[in-house]
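Each chain, written out:
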Amino acid sequence: MTKNSTPMVKITNVHKVFGGTLHVLCGIDLEVNKGETIVILGASGSGKSTLLRCINFLEEPTAGTIEVDGIAINAGENDKTRENHILDIRKKTGMCFQSFNLFPHMTVLENIIEGPVTVLGQKKKQAIVYAEELLDWVGLTEKRDEHPSRLSGGQQQRVAIARSLAMKPKVMLFDEPTSALDPELVGEVVDVMERLAKEGMTIIAVTHEMHFARDVADRVFIMDGGNWIEEGPPEKIFNNPEHQRTRQFLAHIL
Amino acid sequence: MTANTTLPGAGGIPLEAQQVLNQIEEKKSKYRRNMIIAFVVLIIFMVTTLIVLGLDFKFMAKWLPFILAGSGYTFLVAFLAISLACILAVVGALGRLSTNPIFNSIATSYVSLIRGTPLLVQVYMWYLALPQIGKALEAYGIPGIQRLLTLPAVPAGILALGVCYGAYMTETVRAGIQSIKIGQTEAAKALGMTKAQTMKRVIFPQALRVIIPPVSNEFIAMIKDSSLVSLMGVWELSYRAIKVGRRHFQSLEMLIMVAFIYWIMCMILQFVQEKIERHMARGDRRIS
């Protein structure tokens, strides 16, 4: 697609060490272009979620550089601007969690306008207009004034997606968004993700939804032991994997 | 709240199911009835005891206005002290959770020192010992400090109670904040919120719900501990009751009366607490 421009997300030689000994990410590189959908696959504990969380600095990379939409932060640098750069990157990236993490003391609408109003300083009225558009887009208009506890898991995750989108992010990160859902609720969330991809959002997703990886992703990455072992378009990864570990992994989940 | 025996689709409920629902409802109403009976019996028992004791109700009625006039001090002291305690508790909790070694160690020693010494000693410390500190400081060349540190009884009492309860409540608030799942902080961070925004908009409102019952506990305890200001000669509720009782050799009447006044005040507080709790429970699945 738009290969000519600079990448939206650029991860260079990122390492993450937990507790001084646990080497979870071992020099990861990744470039994601604008509008691309990337799916990261791998066994649990392989470091997929950690990588995703390093992109918006929920985890601090131990070494390496993260760049999102032109804002680059090096793990080593530690000056005054760093905190602000991290906040800037977070404003440009939306994240959806496995456990939704909606704010239980707010209604659905309040959840969605919280970011724009508190972080971006928008007027409440203006934020509500866009929030209602988003609610319509995820098909939950009638849940506008409910509290999250009254919603099903699928509905909660759709609200969580709307909450992230309210910040008008440049990149969406999905951290196993369907893993906590009952099987019959997975479809509605994947559906929203798929529409998001079609509308040109840049997406990096860690998921076990093979349908999403196969049909929606532009490129699929396989991680093992904190390193990429294989990457490529989904047809190649699924039909003709090169690496033995990839074959093993796919055999397990397909 | 109550079982829905009359759902919109009640016609569709099979007969046996309806019977079970009715039984549940019956059990509930029986429980409520027995509860009321138990309370009424208890009240009758208490009233008869009071009559059997041969209390001088006329005497009690005569002194009631005088005693009640002391409740103003009780409320003033308790209200201002709890306000101070709340502020100290929030600041203290943030200090206890802070990664800054200076804030953290100040907050930690505050809690340790205050919780480790008797309130009675602290009250005298504020009232009797502070002026001496002032005197020492004045000797080092800070003019006017002794006068500033020589506190009248009521402010000394408010400070003593507020600082003391603030230490206990610091731990309550800290535990409340820590009870909120990490995912909430992460979601707030992911939206780009600063630490302060996260605390104010996401963590604290949720922690408040957890904190309200134990804080109400402190509140109720505070109402009663406010009688400690009588040590400094403030004519508050219990001081008046004890004085009058002693002078007329009718301590029993006076003590029972003042106990009832405290009890009623605390019942009102408890009522308010339940109201607030119910209000805070919005968004909770358990109470709809």
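So, how was this worked out
- Residues numbered from 1 in each chain as written.
- Chains lettered and ligands numbered in written order.
- Predicted model: local features only at pLDDT ≥ 70, side-chain atom pairs only at ≥ 80, totals over all residues.
- Heavy atoms only, no water.
- Helix = DSSP H or I, 4+ residues; strand = E, 2+ residues; numbered from the N terminus.
- Rg over C-alpha atoms; globule rule 2.2 N^0.38 Å.
- Buried < 20%, exposed > 50% of the residue type's maximum accessible area, 1.4 Å probe, protein only.
- Contact = heavy atoms within 4.5 Å.
- Areas by Shrake-Rupley, 256 points an atom, 1.4 Å probe, with all protein chains shown as cover.
- Lys, Arg positive; Asp, Glu negative; His and termini not counted.
- Charge placed at Lys NZ, Arg CZ, Asp CG, Glu CD.
- Core = buried A, V, L, I, M, F, W, Y, C linked by side-chain atoms within 4.5 Å.
- Axes fitted to C-alpha atoms, helices over the stretch in contact; angles between N-to-C directions.
- Parallel < 35°, antiparallel > 145°, perpendicular 65-115°, else oblique.
- Left-handed = near helix turned anticlockwise from the far one by under 90°.
- Nonpolar A, V, L, I, M, F, W, Y, C, P; charged D, E, K, R; others polar.
- Phe/Tyr/Trp six-rings, centres within 6.5 Å; stacked < 30°, edge-to-face > 60°.
- Lys NZ or Arg CZ within 6 Å of the ring centre and 35° of its normal.
- Buried area = accessible area lost by both parts, 1.4 Å probe.
- Salt bridge = Lys/Arg side-chain N within 4 Å of Asp/Glu carboxyl O.
- Polar contact = N/O pair within 3.5 Å; in protein donor to acceptor, adjacent residues only side chain to side chain.
- Pairing = 2+ DSSP bridges.

**Student:** Residue-level account of the overall build of chain B, with values.
**Tutor:** Each helix and strand counted, chain B has 11 helices and 0 strands in total. The C-alpha atoms of chain B give 26 Å as radius of gyration, which overshoots the globular expectation for 288 residues (19 Å, by more than 25%). Referenced to the eigenvectors of the C-alpha coordinate spread, the extents of chain B come out at roughly 90 × 70 × 25 Å. Relative to its 288 residues, chain B shows a buried fraction of 37%. Taking contacts inside chain B between residues at least 6 apart in sequence as the whole, the part at least 24 apart equals 76%. When the accessible surface of chain B is summed, it comes to about 17500 Å², and 69% of that surface belongs to carbon and sulfur atoms. Measuring between centres, the 28 positive side-chain charges of chain B sit 4 Å from its 14 negative side-chain charges.

**Student:** Can you explain the nonpolar core? Please cite residues and give values.
**Tutor:** Of all hydrophobic cores here, the largest spans 99 residues; its most connected members are Val 9, Ile 11, Leu 25, Ile 55 and Ile 204 of chain A together with Ile 67 and Met 254 of chain B. Top element by residues in this core is helix 7 (residues 153-178) of chain B. It accounts for 13 residues. Residue contacts for Leu 25 of chain A: discarding those within four places in its chain leaves Val 14, His 15, Lys 16, Gly 47, Thr 50, Leu 51, Cys 54, Met 223 and Gly 226 of chain A. By size, the runner-up hydrophobic cluster in this structure holds 48 residues, among which are Leu 102, Ala 197, Ala 205 and Val 220 of chain A.

**Student:** Give me the packing of helix 4 (residues 101-115) of chain B against helix 7 of chain B: which residues, what numbers.
**Tutor:** Residue and element names in this part refer to chain B. Between helix 4 and helix 7, the least distance of the axes is 9 Å, while the angle of their chain directions is 120°. Regarding the angle of helix 4 to helix 7, the classification is oblique. Crossing angle aside, the handedness with which helix 4 passes helix 7 is left-handed. Counted together, Tyr 110, Val 111, Ile 114 and Arg 115 of helix 4 and Val 163, Cys 164, Gly 166, Ala 167, Tyr 168, Thr 170 and Glu 171 of helix 7 form the full contact between these two elements. Partitioned by chemical class, the residues of the contact of helix 4 with helix 7 number 7 nonpolar, 2 polar and 2 charged.

**Student:** Go over the packing of aromatic side chains, please, and point to the residues and values.
**Tutor:** Within this structure, the stated rule accounts for 5 aromatic pairs over all chains. Seen in terms of ring centroids, Phe 221 of chain A and Trp 228 of chain A are 4.8 Å apart; in terms of plane orientation they differ by 55°. Their pairing is tilted. When the centroid spacing of 5.2 Å and the interplanar angle of 80° are considered together, the rings of Trp 235 of chain B and Tyr 239 of chain B count as edge-to-face. Among the aromatic residues, those joined into a cluster by ring pairs are Trp 63, Phe 66, Trp 235 and Tyr 239 of chain B. Over the ring of Phe 18 of chain A we find Lys 16 of chain A; its NZ or CZ atom is 4.9 Å from the centre of that ring. One Lys or Arg, Arg 214 of chain A, reaches over the ring of Phe 238 of chain A and ends 4.8 Å from the middle of that ring.

**Student:** With reference to specific residues and values, describe the interface of chain B and chain A.
**Tutor:** Interfaces are often sized by the amount of accessible area the parts lose when they come together. With 21 residues of chain B at the interface, the matching set in chain A holds 24 residues. Carbon and sulfur atoms supply 58% of the area buried between chain B and chain A, which totals about 2000 Å² over both sides. Where chain B meets chain A, there are 2 salt bridges. Residues Glu 114 of chain A and Arg 201 of chain B are paired through a salt bridge, measuring 2.7 Å at the closest nitrogen-oxygen approach. At the junction of chain B with chain A, the criterion picks out 6 residue pairs in polar contact (both at pLDDT 80 or more). Those elements giving two or more residues to the side of chain B that touches chain A turn out to be helix 8 (182-190) and helix 9 (195-225) of chain B.

**Student:** Help me get a handle on the pairing of strand 1 (residues 9-18) of chain A, residues and values and all.
**Tutor:** Residue and element names in this part refer to chain A. Here strand 1 runs beside strand 2 (residues 22-32); their pairing, made up of 8 bridges, is antiparallel. Of the residues in strand 2, the one forming a bridge with Ile 11 is Leu 30. Where strand 1 folds back onto strand 2 in an antiparallel hairpin, the turn is made up of 3 residues, including Gly 19, whose phi is positive at roughly 60°. The sheet contact formed by strand 1 and strand 4 (residues 63-68) spans 5 bridges and is antiparallel. Bridging from a neighbouring strand, Lys 10 pairs with Glu 67 of strand 4.

**Student:** Go over the sheet that holds strand 2 of chain A, please, and point to the residues and values.
**Tutor:** Think of a sheet as strands paired side by side through backbone hydrogen bonds, with each pair either parallel or antiparallel. Residues and elements named next belong to chain A. Read from one edge to the other, the open sheet built from 4 strands follows the order 2-1-4-5, with strand pairing classed as antiparallel. Every other strand in the sheet has two partners, leaving strand 2 and strand 5 (71-74) as the edge strands with one partner each. For this sheet, the mean angle separating the axes of adjacent strands, direction not counted, is 20°. Sheet contacts for helix 2 (residues 81-92): strand 4 and strand 5; angle to strand 5, the most-contacted strand, approximately 130°.

**Student:** Tell me about the packing of helix 10 (residues 237-247) of chain B against helix 11 (residues 251-280) of chain B, residues and numbers included.
**Tutor:** Residue and element names in this part refer to chain B. With their axes 7 Å apart at the nearest point, helix 10 and helix 11 run at an angle of 165° to one another. Compared by their axis directions, helix 10 and helix 11 come out roughly antiparallel. For the element pair helix 10 and helix 11, the recorded crossing hand is right-handed. The residues of helix 11 that touch helix 10, namely those facing Leu 237, Ser 238, Ala 241, Ile 242, Val 244, Gly 245 and Arg 246, are Ser 251, Met 254, Leu 255, Val 258, Ile 261, Tyr 262 and Met 265. Counted by class, the contact of helix 10 with helix 11 contains 10 nonpolar, 3 polar and 1 charged residues.

**Student:** How would you summarise the pattern of salt bridges if you had to cite specific residues and measurements?
**Tutor:** Residues and elements named next belong to chain A. For the coordinates displayed, the defined rule picks out 21 salt bridges over all chains. Close ionic contact of Glu 36 with Arg 219 constitutes a salt bridge, the shortest N to O distance being 2.8 Å. One end of the pair, Glu 36, is in the loop between strand 2 and strand 3 (37-42); the other, Arg 219, is in strand 9 (residues 219-224), with 183 residues separating them in the sequence. On the accessibility criterion, Arg 219 (16% relative accessible area) is buried. The partner of Glu 146 in a salt bridge is Arg 150, and the shortest N-O contact between them spans 3.8 Å. It is possible to trace a salt-bridge network through shared partners that takes in Glu 36, Arg 219 and Glu 231.

**Student:** So what's going on with the pairing of strand 4 of chain A? Which residues, and what values?
**Tutor:** Residue and element names in this part refer to chain A. Burial of the side chains of strand 4 is restricted to one face: Gly 64, Ile 66 and Val 68 are buried, whereas none of Ala 63, Thr 65 and Glu 67 on the reverse face is. Across 4 bridges, strand 4 lies against strand 5 in antiparallel orientation. Across the sheet, the residue bridging to Glu 67 is Ala 72, located in strand 5. In sequence, strand 4 turns back onto strand 5 through a hairpin of 2 residues, with Asp 69 there showing a positive phi of about 50°.

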